[in-house]
Protein chains: 2
Amino acid sequence: MTDDERYMLMALAEADKAFEAGEVPVGCVIVCEGRVTGRGHNLTETLQDVTAHAEIQAITAAAQTLGGKYLTKCTLYVTVEPCVMCAGAIGWAQVERLVFGTDDPKRGYQTYAPKALHPKCKVTKGVKEDECRDRMRTFFEKHR
Amino acid sequence: MTDDERYMLMALAEADKAFEAGEVPVGCVIVCEGRVTGRGHNLTETLQDVTAHAEIQAITAAAQTLGGKYLTKCTLYVTVEPCVMCAGAIGWAQVERLVFGTDDPKRGYQTYAPKALHPKCKVTKGVKEDECRDRMRTFFEKHR
């Protein structure tokens, strides 16, 4: 298993926490030089707060762990393509690398804000894609 | 003075709190049916958190005040054009109306995520524009 796959499994474990809480199952892990510095899962229903996406919480956590707001040596793993809001946050934080599992054509930044990330941010997608997509499908079949 | 000008002056008072704390001076007020339900000012340096923009904090506050995450009957006043991240949050919250003071051509959503807001969101710009822009200019002349 590659490091990317290993960290994406951690992000999927976060997504499962969201699923169990009745939340859209998205999970995120931020890794800095081999160390997990932030985690988060979607909590928008629980907190009644649209800003409580997995990535936003993980970014806040990582900045606290590292003692600074720029995540220039970090890789952010998230199970689903970030939305416009989260891509904007990833851009502000100057995240070095973004890895996501499955595309979100309805809400994803690639369609609606393709320049939101920092120009130097490297993007890898499709890691554990089937697992990430299946979580979402199962959720929406159950809840909507 | 119009209601829009009155509420923008409140947002400017929030921006002044940011200025005094050495933060980029942006302030935000959210109003729901004549009642102020959320306020915020930029705290990214103080909190060392890129997500601590004025709008994000005001949206979280308004959702707590109203007891629900959707701000469908709210107007969001902010001194400077929202960035991609904040426009995404304003979109998720389904804010009914956005009023901002001055454009931000370098970071503003109009250039980088023009479809981020909810399709029904009405936008008014240029309210107290000179005051909003002058706060920013003074800050950047002093700090950079």
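So, here's what we can say about the structure. (Residues numbered from 1 in each chain as written. Chains lettered and ligands numbered in written order. Predicted model: local features only at pLDDT ≥ 70, side-chain atom pairs only at ≥ 80, totals over all residues. Heavy atoms only, no water.)

### Comments concerning the relation of the copies chain B and chain A
Each copy of the chain is related to the other by a rotation around an axis and a translation along that axis. Once chain B has been moved 0.0 Å along the axis and rotated by 180 degrees, it coincides with chain A to within an RMSD of 0.0 Å. Such values leave the two copies arranged in the relation of a two-fold axis. No C-alpha of chain B lies nearer the rotation axis than that of B:Met85, which sits 1.9 Å from it. (Least-squares fit on C-alpha atoms with pLDDT ≥ 70 in both.)

### Some details on unusual backbone geometry
All names here are of chain A. Of note, Gln-48 is a non-glycine position whose phi angle comes to about 50 degrees, a positive value. In this fold, Gln-48 is placed in the loop between helix H2 (44–47) and helix H3 (54–66). Overall, Gln-48 belongs to the partly exposed group, its relative accessible area being 26%. (Helix = DSSP H or I, 4+ residues; strand = E, 2+ residues; numbered from the N terminus. Buried < 20%, exposed > 50% of the residue type's maximum accessible area, 1.4 Å probe, protein only.)

### So, the sheet that holds strand E5 (residues 122–125) of chain A
Residues and elements named next belong to chain A. Taken in spatial order, the five strands line up as E2-E1-E3-E4-E5 in an open sheet, and their pairing is mixed. Of all strands in the sheet, those bounded by a partner on one side alone are strand E2 (35–41) and E5. Averaged over all neighbouring strand pairs, the angle between strand axes comes to 15 degrees, with direction disregarded. One ladder, built from six bridges, connects strand E1 (residues 27–32) with E2; its direction is antiparallel. In the sheet register, Ile-30 faces E2, and the bridge partner there is Gly-38. Across the sheet, H3 lies against E1, E2 and strand E3 (74–80), angled at about 150 degrees from E2, the strand it touches most. (Pairing = 2+ DSSP bridges. Axes fitted to C-alpha atoms, helices over the stretch in contact; angles between N-to-C directions. Contact = heavy atoms within 4.5 Å.)

### So, the pattern of salt bridges
For the structure on display, the rule yields 18 salt bridges over all chains. Across the salt bridge formed by A:Asp4 and A:Arg97, the nearest N and O atoms sit 2.6 Å from each other. Here the residue A:Asp4 occupies a position in helix H1 (residues 3–20), and A:Arg97 occupies one in strand E4 (residues 97–102), the gap between them amounting to 93 residues. Judged by its relative accessible area of 16%, A:Asp4 falls in the buried class. B:Asp3 is the partner of B:Arg6 in a salt bridge, and the nearest nitrogen-oxygen pair spans 3.5 Å. Note that B:Arg6 and B:Asp3 are positioned in helix H1 (residues 3–20) at a spacing of three residues, about one turn of the helix. Put simply, A:Glu129, A:Asp130 and A:Arg133 are held in one network by salt bridges that share partners. (Salt bridge = Lys/Arg side-chain N within 4 Å of Asp/Glu carboxyl O.)

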